Amino acid sequence: LLRTVSSTLTELQKAIVGEVVMSAVLDELYNDLLNNRVPAVWQTVSYPSLKPLTSWIVDLRQRLQFIQDWLVSGKPSAYWISAFFFQQGFI
């Protein structure tokens, strides 16, 4: 997910300044960003969510922080079960 977000945003920046051709996917990405929607190209590799883009980004950052804290500090005393993409696999 993070790789897809990073690469598509990099490509969009290049398209905006004219270094690459603005494809239909990049145009859709641009419009989704302007309209506070999670881009479809990100949704294909992401967890299901109906949140607008700004809330989705906050949620993604919280999920990443939870995982980072787990890696750095060790096993948590309680798990944020909805932070996992595939909760059944964790249980």
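Everything discussed here concerns the structure shown above.
Since the model is a prediction, treat every value here as computed from it, not as a measurement.

Attention shifts here to the nonpolar core. Within the largest apolar cluster, eleven residues are counted, these being V5, L12, A15, L26, L29, V38, W42, Y47, L53, W56 and L60. At the level of elements, α1 (2-17), α2 (24-34) and α4 (53-73) are the ones that each hand at least two residues to this core. Not counting chain neighbours up to four residues away, the residues in contact with L53 comprise L33, N36, R37, V38, P39 and W42.

Listed in full, the buried residues belonging to α2 are L26, L29 and D32. Angular distribution of buried residues about the axis of α2 spans 120°; they occupy a single face of the element. Exposed and facing more than 90 degrees away from the buried side of α2 are A24 and L34. If you follow the buried residues of α2, they end up packed against α1 and α3 (40-43). In the segment just after α2, N36 is the residue with positive phi, at about 60°.

Attention now goes to the environment of A40. For A40, the position within the fold is in helix α3. Spatially, the C-alpha atom of A40 lies 7.4 Å from that of L29, the residues being eleven residues apart in sequence. Among residues more than four places away in sequence, those in contact with A40 are E28 and D32.

Turning next to α4. Over its 21 residues, α4 runs 30 Å from end to end, which matches the ideal 30 Å to within 8%, given 1.5 Å per residue. Those residues of α4 lying buried are L53, W56, D59, L60, R63 and F66. Viewed end-on, α4 has its buried residues packed into an arc of 140°, placing them on one side of the element. Turned more than 90 degrees away from the buried face of α4 sit R61, V72 and S73, all of them exposed. Those residues of α4 hidden inside the fold are in contact with α1, α2 and α3. Taken from the residues just after α4, G74 is the one with a positive phi, measuring 95°.

Calculation notes
- Residue positions are given per chain, counting from 1 as you read along its sequence in written order.
- Where local features are concerned, this predicted model is filtered to residues with pLDDT of at least 70; where side-chain atom pairs are given and counted, the filter is 80 or more; whole-chain, interface and lining totals use all residues.
- Excluded from the side-chain calculation are hydrogens and water; included are all heavy atoms of the structure.
- To form a nonpolar core, buried Ala, Val, Leu, Ile, Met, Phe, Trp, Tyr and Cys residues must be joined to one another through side-chain atoms within 4.5 Å.
- Throughout, exposure labels follow a simple rule: accessible area from a 1.4 Å probe, protein chains only, divided by the maximum for the residue type, with under 20% read as buried, over 50% as exposed, and the rest as partly exposed.
- Numbering of helices and strands starts at the N terminus; helices are DSSP runs of H or I of at least 4 residues and strands are runs of E of at least 2.
- Two residues form a contact once any of their heavy atoms are found within 4.5 Å.
- Regarding the arc, it is the one traced by the directions from the helix axis to the C-beta atoms.
- In a helix, the anticipated span is given by 1.5 Å times the number of residues less one.

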